[in-house]
Each structure stands twice: as C-alpha cells, then as structure tokens.
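# An overview of the molecular structure
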Amino acid sequence: MASEEASLRALESLMTEFFHNCTTNERKREIEELLNNFAQQIGAWRFCLYFLSSTRNDYVMMYSLTVFENLINKMWLGVPSQDKMEIRSCLPKLLLAHHKTLPYFIRNKLCKVIVDIGRQDWPMFYHDFFTNILQLIQSPVTTPLGLIMLKTTSEELACPREDLSVARKEELRKLLLEQVQTVLGLLTGILESIWDKHSATAATPPPSPTSGESGDLLSSLLQSPSAAKLLNQPIPILDTDSEYICSLALECLAHLFSWIPLSTSITPSLLTTIFHFARFGCDTRARKMSSVNGSSPSALLGQERGRLGVLAMACINELMSKNCVPMEFEEYLLRMFQQTFYLLQKITRENNAHTVKSRLEELDESYIEKFTDFLRLFVSVHLRRIESYSQFPVVEFLALLFKYTFHQPTHEGYFSCLDIWTLFLDYLTSKIKSRLADKEAVLNRGRGILGFAKAVSLQLPCDLRYEDALVLLLTEVLNRIQFRYNQAQLEELDDETLDDDQQTEWQRYLRQSLEVVAKVMELLPTHAFSTLFPVLQDNLEVYLGLQQFVVTSGTGHRLNITAENDCRRLHCSLRDLSSLLQAVGRLAEYFTGDVFAARFNDALTVVERLVKVTLYGSQIKLYNIETAVPSVLKPDLIDVHAQSLAALQAYAHWLAQFYSEVHRQNPEQFISLVSTALEAITPLISSKVQEKLLLSACHLLVSLATTVRPVFLISIPAVQKVFNRITDTSAQRLPDKAQVLVCRALSNVLLLPWPNLPESEQQWAVRSTNHASLVSALTRDYRQLKATASLPQRKVQLEDTKVIIHQTLSVLEDIVESVSGESTKSRQICYQSLQESVQVSLALFPAFIHQSDVTDEMLSFFLTLFQGLRVQMGVPFTEQIIQTFLNMFTREQLAESILHEGSTGCRVVEKFLKILQVVVQEPGQVFKPFLPSVISLCMEQVYPIIAERSSPDVKAELFELLFRVLHHNWRYFFKSSVLASVQRGVAEEQMENEAQFSAIMQAFGQSFLQPDIHLFKQNLFYLETLNTKQKLYHKKIFRTTMLFQFVNVLLQVLVHKSHDLLQEEIGIATYNMASVDFDGFYSAFLPEFLASCDGVDSNQKNVLGRNFKMDRDLPSFTQNVHRLVNDLRYYRLCNDSLPPGTVKL
C-alpha cells in the first residue's frame, strides 16, 4: 500500500470525482470497484483510521466509516484480537476529540460504528462500553453525545437484526434490562434539572380571566390541588442548548418505552416531567413568535419548543400503546390520563382572545396528530380499565373530546376524531350486548357529576349521562354534513376524484359521518329518530314546494327560480336533502326484527314520506326540468330523486316484515305503499332517463320483487307495463346494467315463492308459462344464432353476433344466479325456461373456442348454471357438457389460451377449472367416472404448461381443483375398510391410484419452491385442511415417502426468507408434519438436514443440533425452529465474512 498521506490525497480526489456531476456512470463504476477492492484488503482499517483523523472531506469520512462498519458487522470474527483492542480504543477517542466539529451525520455514523462493536463484544471484551455511555451523559460537556450513543444503543441492541445468534440477542436484551433503572433515573434527572433551572427564572404571568374555572376543573380531574398547581406553572423559556438536550433525552425515552415492559422503573416523577414537556406543544405563544419573526432565531426557537411537545407526546403514546398493564402500574396510568386531560382541557379552553378552533390552528400539526393518537389509544385500549375508577370523570373527558372533535382545523383531523367516537360507541354497544350491565345503567353512568352539556358550554340541565353526550354528538355530526350550517368547509371537499376505495373525499366524509349516526341510532333509537326526522322534514318541504315554481316554456318545463341567492340556497337545501335521505336509509335496519312493532309508527312515517317524495319526483319530472344554473341544480335534482329511491329500497326488509304481519287482515295500507312506489318507478325505466336515476329505480324494483315479494305484484298495471317494455323488440334496449336488473326483477316476480302462502296457492303453472314467455322473448335473437354458428362470418357480422351473445348471456346468467339459493320449484321452472338457450350455448361453444372473449362469457354462464341448477339440468346433459369441454380443451388449446391470449385466455381456463371444481365436489357416484379424466387434464395437460411460468395466472384455480379432488373424493385414493380398522385397531387404508396421488402431492411440493406468496399460503392451507379432515400426514404413503421432503422444503423456505410474512403458518405446518413421527424427526431428519446444510462447519452443526431441544409442544417446537433458522443464517454470515484460510475453533 502507498503511504497514508498519499492514499488520503488519492482517496479525496477519487471521491470528489465520483460525486462530480460531469463524471460518467462508466467511470463511477470503475471508482466503486477500486474502493470496494481497497476495503477488502486486510489492514485497510488502519488507513481509514488515519483518514478519519486527518481529513475534512465528508465523502472520505463517510467511506472510511463504511469500511469500519463492514469490518465489524461482517468480518469481526476473523480480526486478530490485538487489532480489535486497538479499534475499540481508537474510535471512541476519535469521537471524543472531534464530536463538536464533525458534521452531525458523520458523528451519528461514528456513534453507530462504536455501538456495533458493543453489540459484538460487550461485556466480555468491551466491558466499559455501557459505563462509558453513562459517564458521557453525566458530564455536562458531553451530555448530548452520551444521549445520541444511548439512543443508538437502544435501537441496535434491544431489537437487533438477524446477524446475531438467538442466544446473543437474548443476552443483550437481558444486559440492557439490567441498566434500565439507572438510565431512566439519569434521563429523569436531566429533564428535571433543566426544567427547574429555567422555571426559577420564568416570570409568572398574570392570572387569566378564566383561571378560577380552569383551576376547579383541573382539581376535579387530578383529585389533587397541589398537582393542579404544579401543572399550572408557567412554561419556562429554554436556551438552545437546553432545548437540544431535552429533545435528545425525550427521543431516548420514546425508543426505550417501545421495548421495555411497564414497571415501577417508570416513576411518577418521570411521568410528571414528561407531561411538563408535553405542555410545550400547547404553548401558542411560541408559535405566534415564530410566525411573526419568520426565520429569525426566535422563530426557530418557537418551532423547537413545539417539537419538544411532540416528542413528549410520542413518549406518552409509546406507554399508552401497551395493552398488558401490570397491577402496580395501573395507578401510574390513571395519573397519566389525568395529566393528559389537563392538557386537553388547556388546548380546548376558550377565552376572549381565542376560539377553540383558532387555538388548535395555532398548534403544531404534528402535536395535534400525536394528541389524537393518544385519545384513540385511550378509548380503544384503556377506557374499559379506567371507567371503573370513581375518581376519573369519564363524562367530563367526553365533553373535552367533543370540543376537540368539532373544532379540528383540518378534515383529516376531524375524520380521525370521528374514528375515536366510533370506537367509543362500539365499546358501549359491546358492553350492553355482553350483558355486563343493562342498557339504562350503561347509558346513564355518572349521574351527579357536572353535566355533559354544561361541560361543553351549552346550557342544558346538569344531569350527566352518556345519553346527553350521544344526543349532542348526533346533532353536531348531522349539522356538520349540512351545507345549511357548514357550507364553507363542505365546499372544500373534492367530489370528483376517486380514492383507493372508489369514493370521493365528500363521499368518504358523508359515509364516516353516517356511520356515527347509525351507531348512535343503535344505542338511542328514539332520540336519534326524533333528532333526524324534523331536519329531513324541513328540507323535504323545500323540495316538495318546488312544484309551484315549475312553469311551462316552449321547450318543456322550467324551474322559475333565477335569483343568484335563491339558486344558491336551493342548491344547499338539495345537497342537504340528499345527505339526509342517505342518513334515513342507513337507519332502516334499526326498525326491523324484534323492534318492528315498537318502532312501527316511526318507520311507517318515514316510508310514507319516501313513497310520496319518489312519486312526486317522477310525476313532475324534476330530472328533465330546465333550471337557471343547469350545471349545478340539475345534478342536485337528479341526485335527490335517486337518493329518495335508494332510501326507500333500504326499507325493503321492513316492508317485507310489514307484509308478513298484515297479509291476512287490512293489507290496504301496505298495497297502497307498494303500488305507489311502483308508479314512481315505472316512468324512470327508460333509456332517456339519466343512468344514475335509472339504476336507482331498477334496484328498488329488484328489492320489491326479491325481498318483499307481494303476491299482487304481477297484477299491478305498472309492472305489466315494464314487462311489455322489456319484451317489446321495437323498444330501445336499456343500458346493459339496467337491462340486467329489470330482467332479474321480472324473472323473480314469476319465480320466487310468495311469502305467507302454502304451496297449493303459489300458482306455479301460470307463473311457469309466463316465465317461459319472458325468457323466450329475451333470447329470441340468441336462439337464432344456432343455425349460422358453423358458417364462417365476416368481421362486421361477427361483431354483431358477439354483441347478441354478450347481451343475452349477461341477462341469463344473472337470472340463474338470483334463484340459485331458492326453492327447488323456482329452480325447476327457471331451468325449463332456459333449457333451449343452454343447448344453443353448448352448440355455439365449439364455434367460438378461438374467440377468448366469447368463450369467457359462455364459461361464466355455464359456471353459474353448474353452481345453481346442476340438479335441474340432470345427469345426461351435465355429462354431455363436461365431455364437450374436455374434448375442446386439448393440450394445444390450453397452451394457446394460457400462453398466447393474455389475461382473457387465462380467465377462460380458470373458469373451466372452476366448473370442474363444482363437478368434483358433487356428492354421490354420479360424476365419479369423470375423476380420472379431470386428474389427467390437470396433471398431464394444464400443469406442465403453467408449472415453470412465474405468472400466478391459472395456478390458484388449478391447485384449488386438485384440493377439491382430494378433499371430496378421498375414497378414490384410500379405500378404508371398517372390518380392517376393527381387526387392526387402526385404519391402514388400502391405497388406489397411487401414481396420481403422488403426482398431485409432488405438484404441491413444487409450488412451495416458487416465489408467489399467495399461492404458497393457499396451498399450505389446503395441505393443513387435508390433514385436519383426512389425516393426510398420517397416511403411510405420505409418512414414508413425502413427509420429511415437505418438512425440508418448509425449513429451506424459512432459511432463505423468501416467504417471511408466512413464518407463523410455516412453523405450525412444520410442527404438524413432524408430530406425526417425532422420533424420526429428531433421530433421523434433523441430523440429515444439518449434515446437508452448506456454509457451516461440523462444530456449528453440532451446536445447532444441541440447541434444538426435543420439545413436543407447539410453542416450544416452533420457537426451536425459528432459533435454528436464525442461528443457521448467522453462522453462514460469519463464515462468509472470514478471510480465506482462517482457522475456526
């Protein structure tokens, strides 16, 4: 090697060149190779030590530290002990000498390198590693450095990466836990001393006008005037160095709290100190200072002070997130809540200068986020624990949460708070359901304490109950979704861009709000209804009053409201009506079931209003009316009409229950409701009506036909009109979705059994004839295709044919699907009507085998037929269909579909395999003759094509089919004899079709060697299910020829970390397999497995074997497996990093 000085100059020049923007990628690769080669040389670290002490070039220092990092983490075992001592001595000295002048990222990297040495050598060879850190913290000059070292140690040693053996990881954690009390004591001392030192110099501010009231509230929260006084002290102004030390100490605490258990080491004085610092986040003065001064030093100081509050809240949330709380820590927890709610009260307090919202706007966004996280953790993890403490005023907390929620400065903040209320409502609901207390007692908790309404500064009676809180919550959430009260904020919400859940920002806002409304309705149905319905009524009056403003013009009807202000008010009212209709629809479920009679009158009122509104909209055709602001008001009018239909649809189950209660006596009211609803629907079933409105009408029609099923539906003129419209070939066809829905509704009117009537009164004969006519009309063009199927078609003609096939099959498939779960009679009639169309489909299939888009639709149809009507189709025809498919899907055809036709081709094959899944699951002997050809198709035709492809297409369906073959046809492989099992005491079945069974198992084994994690998970689940249900792992063929091959594959997968997300599932499956023959596993398999492991020497193999205890219970066994895997990887890592020719002891 060249001299140190020359090497340093060369390295500096190389580094400067490497990072120069004119250097080519080619040259960068050359420099990189040169640097890597230099780093690999024995003794390179000596040069790096010189470089670190002699250069000011950041790149050179970073490179030198990377060389050390590589040496320590990958080559440390092979470094001579003399060199190790020198490195352990030199690097800390270097850090001490230069820590104040080094750039922070170099200093932090050097700290990490020293901690890496401690990770390997402390305490055996580096006994003063931790004492040095404690000394650094205790010396005022080096406190910041010591804190950085401490945090890095916590990060690297408490949760180390896998480049350590399990024994070493456990040792490090134990060593660190021994130091926890000392460390927490030191950190408490640092924070307290800085606080006390600066508190003494802080000026006492004059009392605020509301200080008396806040002191009282605080005393009631803390149950201790002295604690309240302590927390009311003014916040000190810290100098920059003190701010910095405090932020480092709080960062250390946050990381320590993430892994140390809750215990008395976390003292009350430490908690109180953290809360003192959490108050920095509530300090709006600092924020004001920074906003006035821009980027001046005092502005930066203000931001830093806010950051201290964020860091302190991070510490609190780390403690809060622990669900397991020892008894002795519960009191501390209560104190923490009390102190945090003091902060909550502080940031939601109003005074002359501030509203709550303006105060929250002034706080750091991160602080608000942390505070919301705290509240979420409190409600989700600890509320059940704390609610029982008489000294904790839960309702007062709800009052503060209420203020905090409804003064959030951002929409995201408001959403997060609504989530917290949802958690609280879920908690109350589950508490009532679990019968821990009766409903009244739960909702009336806390009488006699300061009332909720008063607590949120509203003048209501001081009778404190959860009920008050919930009613106020409901009212406020309803106000928040109305433009009438909240227009400015609601108009900021985007109602066009869809998010990942396919909803706009406005839809998400409304949905989350309505979920809260629904949960309150579940708890307080009467209150909720009496709050919501009057608001709905007000907006309905406006809508129903529009009729007087409709005038006839030359081009049609026009809404004679033109003044800008009136249009704006109408827009707001219509938007609100639309939202409130959705709210009323969302509450429909709370009027049915056991409470039907009790809440009948309220529900009837709602349904009557909805029927009236839908009819009104359809009669005066508001959706086609001209308006002064068509781009705004027309969509509003269409939306209200669509939402009124959707809200009425939500009450279909209520109508069905109403029908069952009154069908024998006085059904006039019910008949009137349904007939009027149909009058509202019929005019909308037209291709001229906007799709949104058309689909709402169709969905309502489907619900009336499917859920309510009144016997008189078919005789209503409105329904007959729809029949005529759909079967009239001259009428313009509806858009696809609407056509499918209307056909489903009409088919269901004829097919589904009428409720409340005996079989003899169902009029099946007439209904069957009518259904056959309906289907015949719908399939007229389709059935005519059969004659021309085999003739060659021109391109235009082919496209027309495809359209007919698509339109017909989508309708037929939907009709079959809607009766698949119904009575046998319904399915029989359905199949009779469809029989000819099904035969036409089978005849057309071969003609379109090369048109994958058509084949896809046809197989979809056949799959639905097999799932819903296979019994009705009968055995001979089903056999004919399966045989046709098996003949058509030759190896060549399968290869063409899978390899050359992309996703559509793969979908075709997947649907074919799904049909076969239905077939092989069928009980009885009917389809058993197909098993050999199904298995042959899978293993000889499909599997060879997909086995080597990395794409997951088709694989999941194929393996599901193989699983179904095994699961539902076990006797095909294992003939169990009752006599044999009685004679031998254990059933050792006679094996049949062994070759096919072995081939299927081999395919499962191969799938575990592929990267697709979803397929791996699915197939592992299938094997485990077969073992649970059929004792797969115990079968002789599996036990003797496959068991340990599978265990070997699963262990190799764990070692290679290719499917790490499934560690737990793989561990359990390995146990289930090994437990079949533990003796064989420990005496034969494990030694063989270790012997075959490369990259480890015989001594290491012995250690691995010794550490794998012969446990036979699941938790211990899986722990041993994960230990084996970790240590095997660790030994390989160590051995790879040793220099060539190293002698290992």
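### With respect to the pattern of salt bridges
- The full count for this structure, using the stated rule, is 41 salt bridges.
- A salt bridge links K109 to E69; the shortest N-O distance between them is 2.8 Å. A residue pair is termed long-range when its members are at least 10 positions apart, and K109 in helix α6 (residues 104–121) and E69 in helix α4 (residues 58–74) qualify at 40 residues.
- When its relative accessible area of 19% is taken as the criterion, K109 is described as buried.
- A salt bridge links R168 to E171; the nearest nitrogen and oxygen atoms lie 2.9 Å apart. Remark: E171 and R168 occur in helix α9 (residues 166–199); sequence separation between them is 3 residues, near one turn of the helix.
- On the basis of relative accessibility, which here comes to 12%, the residue R168 falls in the buried class.
- For E171, a relative accessible area of 37% puts it in the partly exposed group.

### A few points about the packing of aromatic side chains
- What the rule picks out here adds up to 73 aromatic pairs.
- Residues F596 and F600 carry aromatic rings whose centres are separated by 5.6 Å and whose planes lie at 65° to one another, so their mutual orientation is edge-to-face.
- Ring geometry for F1081 and F1108: centres 5.9 Å apart, planes at 55°, overall tilted. Placement of F1081 in helix α53 (residues 1078–1092) and of F1108 in the loop between α54 (1098–1107) and α55 (1114–1137) is noted, with a sequence separation of 27 residues between them.

### Side note on the packing of helix α33 (residues 717–727) against helix α34 (residues 736–751)
- Between α33 and α34, whose axes approach to 11 Å, the crossing angle comes to 125°. With respect to α34, the element α33 is oriented oblique. Judged by the sense of rotation from one axis to the other, the crossing of α33 with α34 is left-handed. Every residue of α34 that contacts α33 at V719, V722, F723 and I726 is listed here: Q739, V742, C743, L746 and L750.
- Of the residues assigned to the contact of α33 with α34, the class counts are 8 nonpolar, 1 polar and no charged.

### Considerations on the state of the cysteines
- In this structure the tally under the stated criterion is 0 disulfides.
- Free cysteine: C252, not disulfide-bonded; nearest cysteine sulfur from C315 at 9.4 Å.
- Counting only cysteine sulfurs, C743 is the nearest neighbor of C698, a cysteine outside any disulfide, at a range of 9.7 Å.

### Considering helix α8 (residues 143–158)
- Given a rise of 1.5 Å per residue, 16 residues ought to cover 22 Å, and the 22 Å separating the end C-alpha atoms of α8 matches this to within 8%.
- For α8, the buried fraction is high: 14 of the 16 residues fall into the buried class.

### A short note on the side chain of R599
- Assignment of secondary structure puts R599 in the loop between α27 (564–586) and α28 (600–619).
- In this structure R599 is buried but unpaired, with D602 as the nearest side chain of opposite charge at 6.8 Å.
- Those residues within four positions of R599 in sequence are excluded, and the remaining contacts are P525, Y590 and F591.

### Details of unusual backbone geometry
- In the segment running from W122 into P123, the intervening peptide bond is cis, with an omega of 0°.
- Topologically, P123 is positioned in the loop between α6 and α7 (129–138).
- With phi around 60°, Q502 is a residue other than glycine that occupies positive phi space.
- Q502 gets classed as exposed once you look at its relative accessible area, which sits at 55%.

### Remarks on the confidence of the model for the protein chain
- Looking at the protein chain, the pLDDT average stands at 85 and 89% of residues meet or exceed 70.
- Across residues 203–222 the pLDDT falls below 50, and counting only partners more than four positions away or on other chains, this stretch makes 28 contacts in the model.
- Ignoring residues within four places in sequence, the model shows residues 446–464, a span with pLDDT below 50, making 35 contacts including any to other chains.

### Side note on the packing of helix α44 (residues 931–946) against helix α45 (residues 955–968)
- Contact geometry for α44 and α45: axes closest at 11 Å, N-to-C directions at 150°. On the basis of their axis angle, the class for α44 and α45 is roughly antiparallel. Every pair of crossing elements has a handedness; the one defined by α44 and α45 is left-handed. Between α44, through L931, V934, I935, C938, M939, V942, Y943 and I946, and α45, the contact on the second element is made entirely by K955, L958, F959, L961, L962 and V965.
- Each residue belonging to the contact of α44 with α45 can be placed in one class, and the counts come to 13 nonpolar, no polar and 1 charged.

Definitions and limits used
- Residues numbered from 1 in each chain as written.
- Predicted model: local features only at pLDDT ≥ 70, side-chain atom pairs only at ≥ 80, totals over all residues.
- Heavy atoms only, no water.
- Salt bridge = Lys/Arg side-chain N within 4 Å of Asp/Glu carboxyl O.
- Helix = DSSP H or I, 4+ residues; strand = E, 2+ residues; numbered from the N terminus.
- Buried < 20%, exposed > 50% of the residue type's maximum accessible area, 1.4 Å probe, protein only.
- Phe/Tyr/Trp six-rings, centres within 6.5 Å; stacked < 30°, edge-to-face > 60°.
- Axes fitted to C-alpha atoms, helices over the stretch in contact; angles between N-to-C directions.
- Parallel < 35°, antiparallel > 145°, perpendicular 65-115°, else oblique.
- Left-handed = near helix turned anticlockwise from the far one by under 90°.
- Contact = heavy atoms within 4.5 Å.
- Nonpolar A, V, L, I, M, F, W, Y, C, P; charged D, E, K, R; others polar.
- Disulfide = S-S within 2.5 Å.
- Expected span 1.5 Å × (residues − 1).
- Lys, Arg positive; Asp, Glu negative; His and termini not counted.
- pLDDT = per-residue confidence, 0-100.

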